[in-house]
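Coordinate analysis (summary)
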Amino acid sequence: MSEKDKSFEDLMLELETLVSQLEGEDLKLDDAIKQNERALKLIHLCRDRLDAARQKINKLVRTADGGFEKQSLD
Amino acid sequence: MELVPSPSFCSKNIMAKAPELNHTFSVSQITGQIQHTLEKGFSSVWVKGEISNLTRHSSGHWYFSLKDGGAQLGSVMFRRQNEGVRFEPSHGMEITVHGRISVYPPQGRYQLVVDQMLPAGQGDLHLAFENLKKKLHAEGLFDPSRKQRLPSYPARIGIVTSPTGAAIRDMINILSRRFPLAEILLLPVKVQGDGAATEIAAAIDTFNNINECQVLLVGRGGGSLEDLWAFNEEVVARAIAQSKIPIVSAVGHETDTTISDFVADHRAPTPSAAAELVVPDQIELLRWFGQVEQSLQSNVRGRIDRYGQRLDAIAGSYALKRPELMIEQYIQRLDQFEDRSLRSTQDKITQLTARLDNLFVSVEALNPLHILDKGYAVISGPEGAVLRSIDEVSDGIELHMRLKDGEVSSIASKVKKRKIK
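Quick caveat: nothing in here was measured; it's all calculated off a predicted structure. (Residues numbered from 1 in each chain as written. Chains lettered and ligands numbered in written order. Predicted model: local features only at pLDDT ≥ 70, side-chain atom pairs only at ≥ 80, totals over all residues.)

In this section: the sheet that holds strand β9 (residues 247-251) of chain B. The strand order across the open sheet built from seven strands is β2(A)-β1(A)-β7(B)-β6(B)-β8(B)-β9(B)-β10(B), with neighbouring strands paired in mixed fashion. Only two strands of the sheet have a single partner each, and these edge strands are β2 (68-72) of chain A together with β10 (266-268) of chain B. Averaged over all pairs of adjacent strands, the angle between their axes in this sheet comes to 25°, without regard to strand direction. Pairing of strand β6 (residues 156-161) of chain B with strand β8 (residues 215-220) of chain B involves four bridges; the strand directions are parallel. Residue pairing across strands places Ile 157 of chain B opposite Val 215 of chain B, the latter belonging to β8 of chain B. Lying over the sheet, helix α6 (residues 166-178) of chain B contacts β1 (57-62) of chain A together with β6, β7 (183-188) and β8 of chain B, oriented at roughly 165° with respect to β6 of chain B. (Pairing = 2+ DSSP bridges. Helix = DSSP H or I, 4+ residues; strand = E, 2+ residues; numbered from the N terminus. Axes fitted to C-alpha atoms, helices over the stretch in contact; angles between N-to-C directions. Contact = placed C-beta atoms within 7 Å.)

What follows is the structure, encoded as structure tokens:
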């Protein structure tokens, strides 16, 4: 799964896990540096997502075939 | 022993056999039993009727009768309870009351001691509310173990409410301000009047069928008890209970409590509060990112610094400076000095010897045997190898112990391994 397909929640969960690992002391230096880079990248990704967010507001409308379709809410 | 019963004994026996006399109550006894039966049998009852002969006594207590076409019931509502009544009861008004039957033996009368009083229409709703609440509670629908956790960062939020009105506006405002990343999906429903409950329940089912949202907000703005009634209907409660998607119930104002609130996974006092509950605040999130960036950098820098210090300590150690070599050099130079004039050499020798002594002291400090000064001993086996574990020792082998200033040998006995827990 590429980063673009990951949900914000997935990215945040990964970030939170990394941060709590980094706060512990048992990491090897190499791993700590790698995880640090990854965490900074995740923050960057999450920030970009928030910056780009334009809230989509839709309503569900019943269609003739009994299903639903999304319509923008005015 | 008398073979013939005495007349007096006979007469006592006849008396005892008169059952009707044995079952005669005193007035107090029968009143006591009536009291017990009535007070136990009617300890918590709802009664509907019309108020008549209402007297507000100067003590603050209310005395009145409840009546209908066929009967009347003397009632009292004491001051402590009637202070909580939110309307003005008057003669002829239809009311619903809750209370218990109490018997007053000195006058042989029973009455209803009222602790709650509601206007009749509201009383019916109240009764329906209490009954459904009791029923669903008994089924375990309010159990904390049923409650689902809310997602921390929902990608899509479903809303079941009226498309017009303050509730949807408030929720959209707050969601947009706090977390525009989440898509909002509204399923417009009627929130009051005929069919509202069915529409709300169907909307919850629909959201579960399309299964695109991670959390649902179900509610409406404030209104009267009748306006909010759809959220007290069993069909809505069941739809909420069955939902696989966590639901936040947000009905009316802080003071309104509905059955939906009890069944939902989370209860918010208002629609706005519900919106705040389901998403994080992006401002706090961005602030957290900043803090994490800083602490991550100082964390890695700290690690590198600590490794650097350890490297420095190793690099600066005498072990790496190879003090033996330095000492040899000095000895060679001392040899050369000996060839020179005695006086000048003598001074230098004194000086260099002092420096040499210092170096020996330093080298000695690195010597692991230095620890012997503190009273420890180094124990070697028969082959001279240092023993590090009891596993290397067996009864009867020769042990060599080296102390600070000498050595001693002995034979091992009573070898016993310490249990490590």
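Turning our attention to the sheet that holds strand β13 (residues 406-411) of chain B. All names here are of chain B. Spatially, three strands are ordered β11-β12-β13 in an open sheet, and the strand pairing comes out antiparallel. Single-partner strands in this sheet number two, and they are β11 (378-380) and β13. Taking the axes of each pair of neighbouring strands and ignoring which way they run, one obtains an average angle of 25° across the sheet. Bridge count for β11 against strand β12 (residues 398-403) is three bridges, and the pairing is antiparallel.

For a regular strand, side chains alternate in direction, first toward one face of the sheet and then toward the other. Bridge analysis of β1 of chain A against β7 of chain B gives three bridges, and the strand direction is parallel. In the sheet register, Ile 57 of chain A faces β7 of chain B, and the bridge partner there is Ile 184 of chain B. As defined by bridge partners, β6 of chain B adjoins β7 of chain B across six bridges and the pair is classed as parallel. Within β7 of chain B, the residue paired with Val 160 of chain B across the bridge is Leu 187 of chain B. For the crossover that starts at β6 of chain B, traverses α6 of chain B and ends in the parallel β7 of chain B, the hand is right-handed. (Right-handed = clockwise from strand over helix to strand, strands pointing away.)

Below, the discussion takes up the confidence of the model for chain B. All names here are of chain B. Mean pLDDT for chain B: 85, with 87% of residues reaching 70 or above. Per-residue pLDDT stays below 50 along residues 1-16; that stretch engages in one contact with residues further than four places along the chain or on separate chains. Taken over the whole predicted complex, pTM reads 0.59, whereas the ipTM for its chain interfaces reads 0.82. (pLDDT = per-residue confidence, 0-100.)

Bringing the interface of chain B and chain A into the picture now. Contacts between the two partners involve 29 residues from chain B and, on the opposite side, 27 residues from chain A. Elements with a minimum of two residues in the side of chain B that touches chain A: α6, β7, α7 (196-210) and α11 (282-315) of chain B. Looking at which element gives the most residues to the side of chain B that touches chain A, the answer is α11 of chain B, with 11 residues. Partitioning the side of chain B that touches chain A into residue classes produces 21 nonpolar, five polar and three charged. (Nonpolar A, V, L, I, M, F, W, Y, C, P; charged D, E, K, R; others polar.)

A word on the packing of helix α1 (residues 8-23) of chain A against helix α2 (residues 29-52) of chain A. All names here are of chain A. In the contact formed by α1 and α2, the axes pass within 9 Å of each other and the chain directions differ by 145°. Considering only the axes of α1 and α2, their crossing is left-handed. Touching Phe 8, Leu 11, Met 12, Glu 14, Leu 15, Leu 18, Val 19, Gln 21 and Leu 22 of α1 are Ala 32, Gln 35, Asn 36, Arg 38, Ala 39, Leu 42, Ile 43, Leu 45, Cys 46 and Arg 49, all from α2. Of the residues that constitute the contact of α1 with α2, the class distribution is 13 nonpolar, three polar and three charged. (Left-handed = near helix turned anticlockwise from the far one by under 90°.)

Here the focus is the environment of Gln 111 of chain B. All names here are of chain B. Mapped onto the secondary structure, Gln 111 falls in strand β5 (residues 109-119). Counting along the chain gives 10 residues from Gln 111 to Ile 101, while the straight-line C-alpha distance between them is 5.6 Å. Excluding residues within four positions of it along the chain, Gln 111 makes contact with Gly 74, Ser 75, Val 76, Ser 102 and Tyr 104.

Next up on the list: α2 of chain A. Here α2 of chain A spans 35 Å end to end across 24 residues, near enough to the 34 Å set by a 1.5 Å rise per residue. Buried within α2 of chain A are the following residues: Ala 32, Asn 36, Ala 39, Leu 42, Ile 43 and Cys 46 of chain A. (Expected span 1.5 Å × (residues − 1). Buried ≥ 20, exposed ≤ 12 C-beta atoms within 10 Å, placed from the backbone.)

On to the pairing of strand β1 (residues 45-56) of chain B, then. Residue and element names in this part refer to chain B. Inspection of the sheet shows β1 paired to strand β4 (residues 94-104) by six bridges, in the antiparallel sense. In the sheet register, Val 45 faces β4, and the bridge partner there is Gly 99. Pairing of β1 with strand β2 (residues 62-67) involves five bridges; the strand directions are antiparallel. Each bridged residue has a counterpart across the sheet, and for Arg 56 the counterpart in β2 is Trp 62. Turn length for the β1-β2 hairpin, with the two strands adjacent in sequence and antiparallel, is five residues, and the turn residue Gly 60 shows positive phi of about 100°.

Mapped onto the secondary structure, Ser 389 of chain B falls in the loop between β11 and β12. The spatial distance from the C-alpha of Ser 389 of chain B to the C-alpha of Lys 417 of chain B is 9.0 Å, given a sequence separation of 28 residues.

What follows concerns α6 of chain B. The end-to-end C-alpha separation of α6 of chain B is 18 Å, in line with the 18 Å expected for 13 residues at 1.5 Å each. Its buried side turned inward, α6 of chain B meets β6, β7, β8 and α10 (271-278) of chain B.

Turning to the nonpolar core, a few remarks are in order. Residue and element names in this part refer to chain B. Counting 64 residues, the largest nonpolar core has Ile 157, Ile 200, Ile 204 and Leu 217 as the members making the most contacts within it. Examining the composition of this core, we find that seven residues originate from one element, α7, more than from any other. Excluding anything up to four places from it in sequence, Leu 217 contacts Ile 157, Ile 159, Met 171, Val 248, Ala 250, Ala 274, Ala 275 and Val 278. The next biggest cluster of nonpolar side chains, apart from the first, holds 12 residues, and it includes Ile 51, Ile 95, Val 114 and Leu 118. (Core = buried A, V, L, I, M, F, W, Y, C linked by C-beta atoms within 7 Å.)

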